[in-house]
Amino acid sequence: MSIRSAGIVVWTAVATGALLVSAASGVALASVREGLPAVPPGGSTALAGLPRIDCPPVLTAEQCAQLQAAVPGDIPAGLPTTMPTEMPTAMPSGLPSGMPTDLPSGMPSGMPSGMPSGSSGSLPDLSKMTAAQIQALMAQATPAQMAAYTPQAMAQLSGNQLAALAPTAMAGMTGEQLAALAPNAISKMTGAQIAALTPNAFSYLSADQVFALAPTAIAKMDADQLASVSPLGISKLSGDQLAALSPSAITKMSGDQLAELSPAAIGKLSGAQLSSLAPQAFEKMDEAQLSRIKPLVMAKMSGDQMQELDALALKGLTADQISRLGTGAVSALSADQLAAMKAKTVAALKAGQIPSLDPATLTGLLPAQLAALPPGTLAAVTPEQFGQLTPAAVTKLQADQMAKLMPTTINGVNPLQMVKLPPATVAAMKPAQVSAMQPPTIAAMTPPQIKYIPPKSIAAITPPQMAGMQPATIAKMSVSQIKALTGTTARNVTPAQMDALNRAQYAALMARR
């Protein structure tokens with residue numbers, strides 16, 4: 001550091017503790033106390049608790065004040081910051097005994113190291129400073145000053161040293177600098193430091209570095225920062241770290257990022273976090289991940305999010321999870337998604353959820369899934385929904401399920417479904433259900449099926465229904481069934497149908513006419 005004022009030149013060698021003052025009237029040598037740390041960039045006051053430099057008695061009060069203000073701290077305003085360009089031609093006369101009498105042979109090549117901001121000296125070596133010294137050094141450092149350090153220099157920082165860096169300075173940390181930090185050093189980063197980093201810097205984080213971050217630090221990440229972390233970098237995110245993220249921070253997570261999370265980490269998602277995830281974030285979630293979402297958290301899933309789930313992922317949906325789904329999510333299920341579910345999962349659907357299913361979705365219901373539905377749940381199926389069931393699915397319709405179906409639902413049974421109903425299931429049909437069937441549907445009833453319908457239910461057959469039945473089917477009716485027909489229905493039996501009856505059946509029919 002060079003200080004020139006009123007013809008006085010002051011050279012301060014902070015690192016060695018030597019101060020040489022030359023003047024026309026004389027020169028004095030004073031010592032600087034050892035242990036003085038590097039001057040903080042931009043500093044304006046002495047570091048707390050550190051000794052001040054002694055003022056030589058030859059200096060005036062004004063000069064002493066200037067020197068005191070300059071060490072440590074900024075060079076006082078108005079003082080030069082460069083070395084003199086010319087050497088003195090001779091040593092001053094009257095030097096004290098013991099002082100050198102020869103001038104240096106050349107000018108110094110540059111300013112001493114550790115100079116304050118604005119000097120041409122080199123940056124202080126952070127790795128050789130204590131946390132307290134770094135904290136004092138960086139208290140007023142600018143982002144630009146932080147960015148001036150090389151990644152190699154940052155790689156030498158310990159955790160405590162890194163934690164001492166001011167957040168305002170951390171704003172200037174580059175991605176290369178962040179990537180150079182050791183995971184054990186990153187583990188000491190604070191939330192304020194994390195919040196100060198640019199999103200671009202986060203794109204350089206490795207998986208080990210992300211894993212090393214404390215949950216309390218990760219809690220301060222914002223959406224842009226998290227979105228910048230690479231999918232590989234996020235792959236080791238733990239459950240506690242994920243749980244620490246605010247709902248607003250995960251709004252921009254991508255499908256590639258979410259796909260890299262472990263099932264255990266996914267299991268730590270809260271309802272608020274899940275509902276904050278963008279629908280496209282779910283597009284690559286697999287069955288193992290889906291299966292770990294807490295049932296109460298699943299209640300927050302929206303229809304848009306459900307639509308993005310791959311059908312194969314729905315294999316992982318559990319009974320507890322599906323029972324918690326809201327009607328919005330249930331209504332968004334596709335036929336492929338429904339078909340991918342386990343039968344025991346479908347069986348956990350509640351009656352209140354069933355009407356929310358899109359009728360087209362029911363085309364994906366498999367025979368085993370239909371058979372697994374409790375009768376009370378299946379009773380909530382609408383006519384439009386039942387009409388979409390495949391003939392293969394209705395082959396597994398059970399008698400107790402049939403008995404619970406509403407007559408209005410039976411009205412939705414179509415001819416292709418009718419012919420596939422097991423005879424034992426048809427036997428469970430109640431009078432109100434029989435009378436609710438469309439004539440074309442009851443006309444599709446097979447001979448084995450008609451045999452199982454109880455007489456009291458046969459009594460509910462209407463004239464239009466009877467008129468459409470096949471002669472071969474009526475031929476399989478028992479005398480008791482024919483006797484149960486109402487007179488109006490019996491009178492609507494066609495000649496072709498009567499021709500198919502045997503004598504006993506014919507006699508019973510005529511008795512009803």
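Everything numeric in this text was worked out from a predicted model, so none of it was measured.

**Topic: the overall build of the chain**
The number of helices and strands found in the chain is 42 helices and four strands. Across the 513 residues of the chain, 43% fall into the buried class. For the chain, the proportion of contacts with a sequence separation of at least 24, taken over those separated by at least 6, is 71%.

**What about the pattern of salt bridges?**
Here the idea is simple: oppositely charged side chains can pair when their charged atoms come close. What the rule picks out here adds up to three salt bridges. The salt bridge partner of Asp208 is Lys236, with a shortest N-O separation of 2.5 Å. With Asp208 in helix α11 (residues 207-212) and Lys236 in the loop between α13 (223-228) and α14 (239-244), the pair connects residues that are 28 residues apart, well separated along the chain. On the basis of relative accessible area, Asp208 is assigned to the partly exposed category, the value being 41%. A salt bridge links Lys252 to Asp224; the shortest N-O distance between them is 2.6 Å.

**Quick notes on helix α42 (residues 503-512)**
Within the sequence span of α42, burial applies to Gln505, Ala508 and Leu509. Projected down its long axis, α42 carries its buried residues within an arc of 100°, all on one side. Away from the buried face of α42 by more than 90 degrees, exposed residues Arg503 and Ala511 are located. Against the buried residues of α42 lie α38 (471-474), α39 (479-484), α40 (487-491) and α41 (495-499). Between a side-chain oxygen at the N-terminus of α42 and the backbone nitrogen of Ala504 the separation is 3.2 Å; the capping residue is Asn502.

**Brief notes about the side chain of Gln353**
In this fold, Gln353 is placed in the loop between α24 (343-346) and α25 (367-372). A polar contact is formed between the side chain of Gln353 and the backbone oxygen of Leu325, at a distance of 2.9 Å. Contacts of Gln353, omitting those with residues within four sequence positions, involve Ile322, Ser323, Arg324, Leu325, Val330 and Ala348.

**As for the environment of Leu416**
The residue Leu416 is located in helix α31 (residues 415-418) in this model. Each C-alpha atom of the pair Leu416 and Thr390 lies 8.6 Å from the other, and the pair is 26 residues apart in sequence.

**Details of the confidence of the model for the chain**
Reading predicted coordinates in detail is not appropriate for stretches of low pLDDT. Scored by pLDDT, the chain comes out at a mean of 83, with 76% of its residues at no less than 70. Scored below 50 in pLDDT, residues 1-53 shows 125 contacts in the model against residues more than four places distant or in partner chains. Low confidence marks residues 70-81, where pLDDT is under 50. Its contacts with residues over four positions away, or in another chain, come to 34 contacts.

**Considering the nonpolar core**
Met138, Leu165 and Met173 are the most contacted members of the largest nonpolar core, which has 118 residues in total. If we ignore the near neighbours within four places in the chain, the residues touching Leu165 are Leu126, Ile134, Met138, Met146, Met154, Leu157, Met170, Met173 and Gln193.

**So, the environment of Ala182**
Tracing the backbone shows Ala182 in the loop between α7 (175-180) and α8 (183-186). Judged by its relative accessible area of 26%, Ala182 is partly exposed. Separated by 26 residues in the primary sequence, Ala182 and Gln156 have C-alpha atoms spaced 8.2 Å apart.

**Quick notes on the side chain of Gln193**
By the element assignment, Gln193 lies in helix α9 (residues 191-196). By relative accessible area, Gln193 is classed as buried at 1%. At 2.9 Å, the side chain of Gln193 and the backbone nitrogen of Thr190 are in polar contact. With residues up to four places along the chain from it excluded, the contact list for Gln193 reads Leu162, Ala163, Ala164, Leu165, Pro167, Met170 and Lys188.

**Details of the environment of Met129**
Structurally, Met129 is set in the loop between α1 (61-70) and α2 (131-137). For Met129, a relative accessible area of 9% translates into the label buried. Taking C-alpha positions, Met129 is 7.9 Å from Gln161, a pair spaced 32 residues apart along the chain. Once residues within four sequence positions are removed from consideration, Met129 is found in contact with Pro124, Ile134, Leu137 and Gln161.

Rules used in this analysis
- What you see as residue numbers is a count from 1 along each chain, following the sequence as written.
- Only residues with pLDDT of at least 70 are given local features in this predicted model, and only at 80 or more are side-chain atom pairs given and counted; all residues enter the totals for whole chains, interfaces and linings.
- Hydrogens and waters are ignored; side-chain quantities use all the structure's heavy atoms.
- Strands here are runs of E lasting at least two residues and helices are runs of H or I lasting at least four, both read from the DSSP assignment and numbered beginning at the N terminus.
- Think of it in three bands: residues with accessible area under 20% of the maximum for their type are buried, residues over 50% are exposed, and the middle band is partly exposed, with areas taken using a 1.4 Å probe on protein chains only.
- Contact definition: two residues touch when any of their heavy atoms are within 4.5 Å.
- For this document, the term salt bridge refers to a Lys or Arg side-chain nitrogen within 4 Å of an Asp or Glu carboxyl oxygen.
- Read the arc as the range of directions from the helix axis to the C-beta atoms.
- In protein, a polar contact means a hydrogen-donor-capable atom and an acceptor-capable atom, both N or O and within 3.5 Å, with residues adjacent in sequence counting only if both atoms are side-chain atoms; elsewhere, any N or O pair within 3.5 Å suffices.
- pLDDT: the predictor's confidence for each residue, scored from 0 to 100.
- As used here, the term nonpolar core means buried Ala, Val, Leu, Ile, Met, Phe, Trp, Tyr and Cys residues forming a set that is joined through side-chain atoms within 4.5 Å.

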